Amino acid sequence: MNSSGGSCSSLMDVVTYDPHHHGHDEELHVLAVDDNLIDRKLVERLLKISSCKVTTAENAIRALEYLGLGDQNQHIDALTCNVMKVNLIITDYCMPGMTGFELLKKVKESSNLRELPVVIMSSENIPTRINKCLASGAQMFMQKPLKLSDVEKLKCHLMNCRS
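Conventions and cut-offs
- Residues numbered from 1 in each chain as written.
- Predicted model: local features only at pLDDT ≥ 70, side-chain atom pairs only at ≥ 80, totals over all residues.
- Heavy atoms only, no water.
- Helix = DSSP H or I, 4+ residues; strand = E, 2+ residues; numbered from the N terminus.
- Buried < 20%, exposed > 50% of the residue type's maximum accessible area, 1.4 Å probe, protein only.
- Contact = heavy atoms within 4.5 Å.
- Arc of directions from axis to C-beta.
- Polar contact = N/O pair within 3.5 Å; in protein donor to acceptor, adjacent residues only side chain to side chain.
- Phe/Tyr/Trp six-rings, centres within 6.5 Å; stacked < 30°, edge-to-face > 60°.
- Lys NZ or Arg CZ within 6 Å of the ring centre and 35° of its normal.
- UniProt positions renumbered as here; feature names shortened; annotations may be inferred.

Caption draft 1: Broad picture of the overall build of the protein chain. From N to C terminus, the protein chain includes seven helices and five strands. Of the regular secondary structure in the protein chain, the N- to C-terminal order runs α-β-α-β-α-α-β-α-β-α-β-α. For the protein chain, buried positions account for 44% of its 163 residues. For the protein chain, the share of sequence-separated contacts (at least 6 apart) that also reach a separation of at least 24 residues comes to 67%.

Okay, structure coming up:
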């Protein structure tokens, strides 16, 4: 990731979500979280086809670290300085260690990131799980495997929410 100059004064300056700052020429930056490599690569590919910038994380803990919500966020390294503003998190529901639902709750509890849209994906169609995620602030719940039409629908939904 390249940085266009500037200093890395604080992580919170870098990873803040501003719902009003999004020009039409900017691409969406999506943080895709999935413990399954094949699913992660599929989501990444679909998002890139849809002209999104994609950062991937193999689990929710890594995603939180990337967002500056990890336990070790006192150590701001060079990579973290280059973090670009994330416009959307798309995460698998079922992951070892911390579930996508727990990641959703952490993001929604953060004063800096609570407006950041979170989309949950799952291969299981369990209405109680879907309702729990939506009630806790998920933007959308999507069935895996994701298709290009799902990503296009999601992107369209996000752009409509912004305007």
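Having seen it, we continue.
Caption draft 2: Highlighting helix H3 (residues 60–67). Among the residues of H3, Ala-60, Ala-63, Leu-64, Tyr-66 and Leu-67 are the ones counted as buried. Projected down its long axis, H3 shows its buried positions confined to an angular sector of 160 degrees, all on one face. Tucked into the core, H3 has its buried residues touching strand E1 (29–33), strand E2 (53–57), strand E3 (88–92) and helix H5 (100–109). Near the N-terminus of H3, the side chain that reaches the backbone nitrogen of Ile-61, with its oxygen 3.2 Å away, is that of Asn-59.

Caption draft 3: Representation of the packing of aromatic side chains. Scanning all chains against the criterion turns up zero aromatic pairs. One Lys or Arg, Lys-132, reaches over the ring of Phe-101 and ends 4.4 Å from the middle of that ring.

Caption draft 4: Structural view of the UniProt feature "modified residue: 4-aspartylphosphate" (unreviewed entry) in the protein chain. What UniProt calls "modified residue: 4-aspartylphosphate" (unreviewed entry) maps, in this numbering, to Asp-92. Beyond its immediate sequence surroundings of up to four residues, Asp-92 is in contact with Val-33, Asp-34, Asp-35, Gly-100, Met-121, Ser-122 and Lys-144.

Caption draft 5: Structural context of helix H6 (residues 127–135). Among the residues of H6, those classed as buried are Arg-129, Ile-130 and Cys-133. One face of H6 carries all of its buried residues, which in axial projection span an arc of 100 degrees. Seen from the buried face of H6, the exposed residues on the opposite side, beyond 90 degrees, are Pro-127, Thr-128 and Ala-135. Close packing links the buried residues of H6 with H5, strand E4 (118–122) and strand E5 (140–143). Just downstream of H6 lies Gly-137, where phi reads positive at about 110 degrees.

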